[in-house]
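Here are the chains, one letter per residue:
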Amino acid sequence: MISTFENEYGVEILNIFGSNEGIAFIATPDKIPSPHDRAVLFPRTGVLETNSSGANMEFVQSKVIDAETGEELVEQGASGELCISGPTVFDGYIGTDNHQIYTPDGFFRTGDLVELCGPDADFYRITGRLKDIINRGGMKISPVEIETLLDGLRLIEEAAVCAYPDSVLGEKVCVCIVLAADKTVPSLKDICEFLSAKGLAKFKLPERLHVVAALPRNPLGKVLRHELSAALPPQ
């Protein structure tokens, strides 16, 4: 979409990732010239050692931590929970014990998972939500990563990934699909071969397929993964 606006209409797009709690990352053409990259990458705002500070660097600071240990992650390719601090960040949720949503040094734990990207780890790539992560025998799998790859499978109208319980590994991956009009149901093998060809690691491949008429969504259009999991028929 960003490429279309710029290449066909000459309109440069600023991509903004924000939230009610105070996240504010801005990807601008001067920092990220490529429309394709600007659709998925955001400058590592407020991190002094990088070369791609965003327009609001003086206001917002950010870092990435290991969600379990709290250790800060700085290496290129590392993935963890995004944390932010600064005057744009809220003070907490009313009527709630907010102790666990902040790091000891006062950064808000957003619950968003990001990957450090770029040769100098100057950029964030949003990869999903911490609460949606599937824990398959200790291996953490982001449903969003799989869903993004499935966008290219023409047999399906849309897809969502959810967890289902397993007595040995704890959780496994199920892909729920809505068929495109007049298309036959693909096999689980077909889907796994498609994902493998896209470079998805073997341990992330779905081990169950479920066809639905429509994906359950909230009023904002977000897929309700817990409802998908709950609606899976027993095996």
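So, here's what we can say about the structure.

How each quantity is defined
Residues numbered from 1 in each chain as written. Predicted model: local features only at pLDDT ≥ 70, side-chain atom pairs only at ≥ 80, totals over all residues. Heavy atoms only, no water. Helix = DSSP H or I, 4+ residues; strand = E, 2+ residues; numbered from the N terminus. Buried < 20%, exposed > 50% of the residue type's maximum accessible area, 1.4 Å probe, protein only. Contact = heavy atoms within 4.5 Å. Areas by Shrake-Rupley, 256 points an atom, 1.4 Å probe, with all protein chains shown as cover. Lys, Arg positive; Asp, Glu negative; His and termini not counted. Charge placed at Lys NZ, Arg CZ, Asp CG, Glu CD. Core = buried A, V, L, I, M, F, W, Y, C linked by side-chain atoms within 4.5 Å. Pairing = 2+ DSSP bridges. 1 Å grid on protein atoms, 1.4 Å probe; cavity = no way out; pocket = protein on both sides within 12 Å on 5 of 7 lines; lining within 4 Å. Points joined across faces, edges and corners; volume = space filled by probe spheres on them. Nonpolar A, V, L, I, M, F, W, Y, C, P; charged D, E, K, R; others polar.

**Some thoughts on the overall build of the protein chain**
Line of reasoning, step 1. For the protein chain, the count of helices and strands is 5 helices and 13 strands.
Line of reasoning, step 2. Over its C-alpha atoms, taken along the principal directions, the protein chain stretches across nearly 55 × 50 × 35 Å.
Line of reasoning, step 3. Going through the 235 residues of the protein chain one by one, you find that 45% of them count as buried.
Line of reasoning, step 4. The contacts in the protein chain between residues at least 6 apart in sequence include a share of 52% that link residues at least 24 apart.
Line of reasoning, step 5. Accessible surface computed for the protein chain: about 13,100 Å², of which carbon and sulfur atoms make up 53%.
Line of reasoning, step 6. Charge centroids of the protein chain, computed over 21 positive and 34 negative side chains, lie 6 Å from each other.

**Observations concerning the nonpolar core**
Line of reasoning, step 1. F25, L82, I84, F108 and Y124 are the most contacted members of the largest nonpolar core, which totals 24 residues.
Line of reasoning, step 2. Elements with a contribution of two residues or more to this core: β2 (24-27), β3 (41-43), β6 (79-85), β7 (108-117) and β8 (123-129).
Line of reasoning, step 3. Counting residues per element, this core draws most heavily on β7, at 4 residues.
Line of reasoning, step 4. In contact with F25, other than residues within four places in its own chain, are N15, I16, F17, F42, P43, T45, S62, L82, I84 and Y124.
Line of reasoning, step 5. Counting residues in hydrophobic clusters, the runner-up holds 18 residues, among them I134, I141, A163 and C192.

**Description of the sheet that holds β3**
Line of reasoning, step 1. Strand order in the open sheet made by the 6 strands is β3-β8-β7-β6-β4-β5, with antiparallel pairing throughout. Pairing within the sheet leaves two strands with one partner each, and these edge strands are β3 and β5 (72-73).
Line of reasoning, step 2. Here strand β4 (residues 61-65) pairs with β6 via 5 bridges, running antiparallel. Counted as the bridge partner of S62 is I84 from β6.

**Remarks on the layout of surface pockets**
Line of reasoning, step 1. In this model, the largest pocket occupies a volume close to 900 Å³.
Line of reasoning, step 2. In terms of lining, the largest pocket is formed by 28 residues, of which the most central are D112, R129, D132, V144 and K222.
Line of reasoning, step 3. The dominant element in the lining of the largest pocket, judged by the number of residues it contributes, is β8, at 4 residues.
Line of reasoning, step 4. When the residues that make up the lining of the largest pocket are grouped by side-chain class, the tally is 11 nonpolar, 8 polar and 9 charged.
Line of reasoning, step 5. Counted as a void, the second largest pocket has a volume near 760 Å³.
Line of reasoning, step 6. Residue lining of the second largest pocket: 31 residues in total, with S79, L113, R125, T127 and S142 positioned closest to the centre.
Line of reasoning, step 7. Of all the elements in the fold, those that place two or more residues in the lining of the second largest pocket are β6, β7, β8, β10 (139-141) and α3 (143-150).
Line of reasoning, step 8. Per-element accounting of the lining of the second largest pocket gives the leading share, 4 residues, to α3.

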